[in-house]
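The primary structure of each chain is shown beneath.
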Amino acid sequence: MILGVNIDHVATLRNARGGVEPSVLDAARICEKCGASSITTHLREDRRHIKDEDVDAISKFIKTDLNLEMAVTDEMLDIALKLKPHSVCLVPEKRQEVTTEGGLDVAGQQDKMNEFVGKLVNAGIIVSMFIDPDKKQVEASKKCGAQFIEMHTGSYANAFGTDKEEEEFLKLKTAAKYAQELGLKVNAGHGLNYTNVKRMHEIEGLYELNIGHSIISRAIFVGLEQAVIEMRDLIK
Ligand code: PXP
């Protein structure tokens, strides 16, 4: 398994005061120096953390891959087609949410997704669908031509250490196996931390974990280098 680091919350901190500190680009560089295989940024519709100029700078100056998380909108499609990031992860987006709640409903809007994903894939961009670990959504992701799914691990993370943990974990394991049988590559992320991440090793064939909040939080106490190295060592 490899580690993608989501650096949105470096921008959250910067935006708390305006100005340029802490630098999102420096954070990206430190993450890749410490073993991150990709850098993820979520350019939200309301630009609450990452801004357009951050994405531009990161895409120009990082040595690893930029994974652009974005909603299924015309505005984001234009940006992706101009920027040509290595990969795009399509996510649902609601204005009032604190973070991405639940996976994208691909099955419920199959035609729209087929067209949207087709435009990205034709431009040479790898597409990943951020979905709940659900058979119907896996099938719909395959159908629309995406090469990857990213399983939403939020329910597993919330259930960790409770009676529901096994049930939620099994959903991830089953969906990953099914997706791989269909020829999809499988990533996972959301809510993973230094404890609950360890069970990801029990899911065969997982490609990449995308982790943000727990790493940036730990960085406050131990520094970003160490926070990334510790997570990298837990998942490799
Ligand atoms: N993957 C996706 C698609 C996300 O939307 C997020 C949160 O922005 C993450 C991974 C990372 O989640 P967390 O910050 O909880 O590690």
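Everything here concerns the structure above.
Here's a quick rundown of the structure.

**Some points on the nonpolar core**
Within the largest apolar cluster, 71 residues are counted, with the highest numbers of intra-cluster contacts made by Leu90, Leu120, Met129, Met151, Met200 and Ile215. Residue contributions to this core peak at six residues, all from helix α8 (residues 165-181). Each residue touching methionine 200, except ones within four places of it in the same chain, is listed here: Met1, Thr153, Tyr156, Phe169, Leu172, Leu192, Leu206 and Leu209.

**Considerations on the pairing of strand β1 (residues 2-6)**
Within β1, four of the five residues are buried, which leaves it mostly tucked inside the rest of the structure. Sheet topology places β1 next to strand β8 (residues 208-211); four bridges connect them, and they run parallel. Directly across from leucine 3, in β8, lies its bridge partner leucine 209. Two strands pair when backbone bridges link them, and β1 and strand β2 (residues 38-42) are joined in this way by three bridges, in the parallel orientation. Opposite valine 5, over in β2, you have isoleucine 39 as the bridge partner.

**Considering the pattern of salt bridges**
Between side chains of opposite charge, pairing is possible as soon as their charged atoms come close. As enumerated under the stated definition, the model contains 16 salt bridges in all. A salt bridge links glutamate 75 to arginine 47; its shortest N-O distance comes to 2.7 Å. Here glutamate 75 is found in helix α4 (residues 74-83), whereas its partner arginine 47 is found in the loop between β2 and α3 (52-61), with 28 residues between them in sequence. On the basis of relative accessible area, glutamate 75 is assigned to the partly exposed category, the value being 36%. Here the residues in one salt-bridge network are Glu165, Glu166, Arg199 and Glu202, joined through shared partners.

**Notes on the site of the ligand**
Within the structure, the ligand sits among 13 residues, and Glu69, Glu150, Gly191, Gly212 and His213 are positioned closest to it. At 2.8 Å, a backbone N or O of glycine 191 approaches an oxygen atom of the ligand. Contact distances for the ligand include 2.8 Å between an oxygen atom and a backbone N or O atom of glycine 212. Contact with the protein chains covers 93% of the free accessible surface of the ligand, which is 400 Å². The class makeup of the residues in the shell around the ligand is three nonpolar, eight polar and two charged.

**What to know about the environment of valine 228**
Take valine 228: it is sitting in helix α10 (residues 224-235). Exposure remark for valine 228: the relative accessible area of 0% places this residue in the buried category. For the pair valine 228 and phenylalanine 148, spaced 80 residues apart in the sequence, the C-alpha separation amounts to 24 Å.

**Digging into the layout of surface pockets**
Volume-wise, the largest pocket comes out at about 520 Å³. Mapped by element, the contributors of at least two residues to the lining of the largest pocket are α1 (8-17), β8 and α9 (213-222). Looking at the lining of the largest pocket, the element that brings in the most residues is α1, giving three residues. The residue makeup of the lining of the largest pocket, split by class, is five nonpolar, 15 polar and five charged. Approximately 310 Å³ is the volume found for the second largest pocket. In terms of residue count, the dominant contributor to the lining of the second largest pocket is α9 (five residues). The class makeup of the residues in the lining of the second largest pocket is nine nonpolar, five polar and one charged.

**Overview of the side chain of serine 87**
Mapped onto the elements of the fold, serine 87 is located in strand β4 (residues 87-90). Among the residues examined, serine 87 registers a relative accessible area of 11% and is labelled buried. Apart from the residues within four sequence positions on either side, serine 87 is in contact with Leu66, Asn67, Leu68, Ile125 and Ile126.

**Let's talk about the environment of glutamate 167**
By secondary structure assignment, the location of glutamate 167 is in helix α8. Spatially, the C-alpha atom of glutamate 167 lies 17 Å from that of leucine 192, the residues being 25 residues apart in sequence.

Definitions and limits used
- Residues numbered from 1 in each chain as written.
- Predicted model: local features only at pLDDT ≥ 70, side-chain atom pairs only at ≥ 80, totals over all residues.
- Heavy atoms only, no water.
- Core = buried A, V, L, I, M, F, W, Y, C linked by side-chain atoms within 4.5 Å.
- Buried < 20%, exposed > 50% of the residue type's maximum accessible area, 1.4 Å probe, protein only.
- Helix = DSSP H or I, 4+ residues; strand = E, 2+ residues; numbered from the N terminus.
- Contact = heavy atoms within 4.5 Å.
- Pairing = 2+ DSSP bridges.
- Salt bridge = Lys/Arg side-chain N within 4 Å of Asp/Glu carboxyl O.
- Near = heavy atom within 4 Å.
- Polar contact = N/O pair within 3.5 Å; in protein donor to acceptor, adjacent residues only side chain to side chain.
- Areas by Shrake-Rupley, 256 points an atom, 1.4 Å probe, with all protein chains shown as cover.
- Nonpolar A, V, L, I, M, F, W, Y, C, P; charged D, E, K, R; others polar.
- 1 Å grid on protein atoms, 1.4 Å probe; cavity = no way out; pocket = protein on both sides within 12 Å on 5 of 7 lines; lining within 4 Å.
- Points joined across faces, edges and corners; volume = space filled by probe spheres on them.

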